[in-house]
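As a plain string of letters, each chain reads:
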Amino acid sequence: MSSPLHTHDGALTVRFATVSDLAVCAAIINDYIDATEWLPRTVDRKAVEDLFVPALLEKRTLFVAEEHGEILGYLSMSPDDGFVPALYLRPGGRGKGVGKMLLDAAKAAHPDGLELTVFERNIDALRFYQREGFHEDPARRDDSTEEGIATLWMRWPGGEV
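Residues numbered from 1 in each chain as written. Predicted model: local features only at pLDDT ≥ 70, side-chain atom pairs only at ≥ 80, totals over all residues. Heavy atoms only, no water.

Trainee: Describe the sheet that holds strand β9 (residues 151-156), listing the residues and the values that go with them.
Mentor: The strand order across the open sheet formed by four strands is β5-β7-β9-β8, and the pairing between neighbours is mixed. Each edge of the open sheet is held by one strand with a lone partner, namely β5 (83-84) and β8 (135-136). (Pairing = 2+ DSSP bridges. Helix = DSSP H or I, 4+ residues; strand = E, 2+ residues; numbered from the N terminus.)

Trainee: Tell me about the pattern of salt bridges, and please be specific about residues and values.
Mentor: Should the charged atoms of two oppositely charged side chains come close, the side chains can pair. Scanning the model with the defined rule gives 14 salt bridges in all. Across the salt bridge formed by Arg-140 and Glu-115, the nearest N and O atoms sit 3.4 Å from each other. You can see Arg-140 sitting in the loop between β8 and β9 and its partner Glu-115 sitting in strand β7 (residues 114-119), a full 25 residues away along the chain. For Arg-140, a relative accessible area of 38% gives the class partly exposed. (Salt bridge = Lys/Arg side-chain N within 4 Å of Asp/Glu carboxyl O. Buried < 20%, exposed > 50% of the residue type's maximum accessible area, 1.4 Å probe, protein only.)

Trainee: Help me get a handle on helix α1 (residues 22-35), residues and values and all.
Mentor: Residues that lie three or four places apart on an α-helix share one face, since the helix turns once every 3.6 residues. When the terminal C-alpha atoms of α1 are compared, their 20 Å separation across 14 residues agrees well with the 20 Å that a helix rising 1.5 Å per residue should span. Within α1 the residues assigned to the buried category are Leu-22, Cys-25, Ala-26, Ile-28, Ile-29, Asn-30, Tyr-32 and Ile-33. Residues of α1 that are buried in the fold lie against α2 (45-49), α3 (56-59), β3 (61-67), β4 (70-77) and β6 (86-89). (Expected span 1.5 Å × (residues − 1). Contact = heavy atoms within 4.5 Å.)

Trainee: Give me the packing of aromatic side chains: which residues, what numbers.
Mentor: Under the definition given, this model contains eight aromatic pairs. The ring of Trp-153 carries the charged tip of Arg-140 above its face, separated from the ring centre by 3.7 Å. (Phe/Tyr/Trp six-rings, centres within 6.5 Å; stacked < 30°, edge-to-face > 60°. Lys NZ or Arg CZ within 6 Å of the ring centre and 35° of its normal.)

Function-wise, these values are silent; they only describe arrangement.
Here it is as structure tokens:
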């Protein structure tokens, strides 16, 4: 296990993901898709699992948040341009500062700014990103997604974490 990047209350930590974390990260996103009524599944669970291979750690920066050895969430980020394609939490990780800790790790790793997309129907995530200093770029809105749900392009301009 790698050493923590950030700790909160002594038990909650954020660290770089390792190969042994990949299956858990795949399960977190798969479980989120299955539990989210408004989000249709466009690929099966196995196809999602197949994305979480060791080579992913060479292409992306992956942070995991864990508490007492249990991974509560993860964030995937492109180290080159600061694009965040994924930030997903287990239900037990929501409302505890886990998402903020993951996002703070990404901001620290890419202080010049981050970009991400969020489904328009994901009101909780949209409010969270706005609280964390992200602003929508309306010109990059996508109404033609595979899921049939508009995505909003959000940008954090960089600066203080």
